[in-house]
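Each chain, letter by letter, is given below.
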Amino acid sequence: DGIHMNWPRSFSRSGNWYDPDRRYEINKKYSKQLDELNTFFDKSKAYYQSDDFNRNTVYEAMKGLFNGEKTLFVHVDAEKETLDLLAFKAEYNLENVVIVGGAEAHLVANEINAANVPVLLQRVHSTPNFEGDDYDLPYKLPKLLSDKGILVGLESSGQMERMNTRNLPFYAGTAVAYGLDKKEALKMITLNTAKILGIDDFAGSLEIGKDATLFISEGDALDMQGNRLTHAFIQGREISLESHQTELYKRYSNKYNHKIDE
């Protein structure tokens, strides 16, 4: 369905991540890395257009990018690199490009919107990436981009992905706390993401003809204090919410005569 690409960085940071004295350093190889990237895409596009079919599996995987069948997911954060990516998209006439990360997307939001590029924001519950950022920038970034008309989804890639997936609804809740309309926040983890992935014809919203993949919560699903799931369904099939943890909870709650809400 798509190809992921890590865009080269125009700078790097020296030292260990926990060192308070870390400094930014210019990546002197940035221009060369962009040239290599252009060369690779030129060869891939030539392979796609060629009638001389000498099979190359690397270029073969790239073919779908040039006719719109595949999406290019580009992991990029900084302002300059984002602008370079948008120029790259235009140069190769790439139909489906998605920014993943987007820590400085608000600085070039108008350009992103004009290029019709969606953004998958990475982990709202994060500290700012750059020294000059507002302390709460990651929390309010969904609203800043949404207000500019950009299609925004929230995601949790990075370390410990399986565990952090459980925080996805709370990322949306934090965005609400920092000014985003609640319906828009909900879309960022449902319909918007389905649109970005190209599966909104059967997923992402509660509509006749779509998959009945949904959950029911007695409390506010976007609030970590109020979220209490009672049922969950995948394509109309109810799935069990019982786990080893719920079994232990019931066992020891009964043992110590704690009241259990059924």
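Everything below is about the structure printed above this text.
Residues numbered from 1 in each chain as written. Predicted model: local features only at pLDDT ≥ 70, side-chain atom pairs only at ≥ 80, totals over all residues. Heavy atoms only, no water.

Participant: Residues and numbers for the nonpolar core, please.
Facilitator: Of all hydrophobic cores here, the largest spans 41 residues; its most connected members are Trp7, Phe41, Leu72, Leu94, Ile112 and Leu145. Here the element with the most residues in this core is helix H1 (residues 30–49); it accounts for 4 residues. With residues near it in sequence (within four places) discarded, Trp7 still touches Tyr30, Leu34, Leu37, Val74, His75, Val76, Glu81, Asp84, Leu85 and Phe88. Listed in part, the 5 residues of the second largest apolar core include Val98, Val100, Leu120 and Ile196. (Core = buried A, V, L, I, M, F, W, Y, C linked by side-chain atoms within 4.5 Å. Buried < 20%, exposed > 50% of the residue type's maximum accessible area, 1.4 Å probe, protein only. Helix = DSSP H or I, 4+ residues; strand = E, 2+ residues; numbered from the N terminus. Contact = heavy atoms within 4.5 Å.)

Participant: Hey, could you go over the packing of aromatic side chains for me, with residue numbers and the actual values?
Facilitator: Throughout the structure, instances matching the rule amount to 10 aromatic pairs. Taken together, a centroid distance of 5.8 Å and an interplanar angle of 45° make the contact between Phe40 and Tyr59 tilted. Note that Phe40 is positioned in helix H1 and Tyr59 in helix H2 (residues 57–66), a separation of 19 residues in sequence. When the centroid spacing of 4.8 Å and the interplanar angle of 85° are considered together, the rings of Phe41 and Phe88 count as edge-to-face. Of this pair, Phe41 sits in helix H1 while Phe88 sits in helix H3 (residues 79–91), placing them 47 residues apart in sequence. The same class applies to Phe41 and to Phe88, which are both buried. Every member of this aromatic cluster is reached through a ring pair, and the members are Trp7, Phe40, Phe41, Tyr47, Tyr48, Tyr59, Phe66, Phe88 and Tyr92. (Phe/Tyr/Trp six-rings, centres within 6.5 Å; stacked < 30°, edge-to-face > 60°.)

Participant: Provide a residue-level description of the environment of Asp134, including the pertinent values.
Facilitator: Take Asp134: it is sitting in the loop between strand S6 (119–122) and helix H5 (137–146). When the C-alpha atoms of Asp134 and Asn56 are compared, they prove to be 47 Å apart, with 78 residues separating the residues in sequence. With near-sequence residues (within four places) excluded, Asp134 lies in contact with Pro128 and Lys140. Of the polar contacts made by the side chain of Asp134, one reaches the side chain of Lys140; its length is 2.8 Å. (Polar contact = N/O pair within 3.5 Å; in protein donor to acceptor, adjacent residues only side chain to side chain.)

Participant: Tell me about the pairing of S6, and please be specific about residues and values.
Facilitator: Pairing of strand S5 (residues 97–101) with S6, which is carried by 3 bridges, proceeds in the parallel orientation. Across the sheet, residue Val100 finds its bridge partner in S6, namely Leu120. Handedness of the crossover is the feature at issue here: the chain leaves S5, passes through helix H4 (residues 109–114), returns alongside S6, and the resulting connection is right-handed. As paired elements, S6 and strand S7 (residues 152–155) share 4 bridges and run parallel to each other. Pairing of Val119 across the sheet is with Val152, part of S7. In this region the chain leaves S6, passes through H5 and returns to the parallel neighbour S7; the handedness of that crossover is right-handed. (Pairing = 2+ DSSP bridges. Right-handed = clockwise from strand over helix to strand, strands pointing away.)

Participant: Got a sec to walk through the side chain of Arg123? Specific residues and values, please.
Facilitator: For Arg123, the position within the fold is in the loop between S6 and H5. For Arg123, which is buried and forms no salt bridge, the nearest opposite charge comes from Glu161, at a distance of 5.8 Å. Residues in contact with Arg123, not counting those within four places in the same chain, are Glu155, Ser156, Ser157, Gly158, Gln159, Met160, Glu161, Asn164 and Tyr171. (Lys, Arg positive; Asp, Glu negative; His and termini not counted. Salt bridge = Lys/Arg side-chain N within 4 Å of Asp/Glu carboxyl O.)

Participant: Explain the pattern of salt bridges residue by residue, including any values.
Facilitator: As enumerated under the stated definition, the model contains 11 salt bridges in all. Ionic pairing is found between Asp84 and Lys80, a salt bridge with its closest N-O pair at 3.4 Å. Here the residue Asp84 and the residue Lys80 both occupy positions in helix H3, the gap between them amounting to 4 residues, near one helical turn. With relative accessibility at 43%, the residue Lys80 sits in the partly exposed group. Its salt-bridge partner being Glu218, residue Arg228 comes within 3.0 Å of it at the nearest N-O pair. Of this pair, Arg228 sits in the loop between strand S8 (214–217) and strand S9 (229–234) while Glu218 sits in the loop between S8 and S9, placing them 10 residues apart in sequence.

Participant: Please provide a residue-by-residue account of a nonpolar patch on the surface, values included.
Facilitator: Taken together, the side chains of Phe215, Leu229, Ile234, Ile239 and Leu241 define a hydrophobic patch exposed on the protein surface, amounting to about 400 Å² of accessible area. For Phe215, the location among the structural elements is in strand S8. A relative accessible area of 44% places Phe215 in the partly exposed class. (Patch = residues over 30% accessible without salt bridge, like charges linked within 9 Å, V, L, I, M, F, W, Y side chains within 5 Å. Areas by Shrake-Rupley, 256 points an atom, 1.4 Å probe, with all protein chains shown as cover.)

Function cannot be read off these values alone, since they describe shape.
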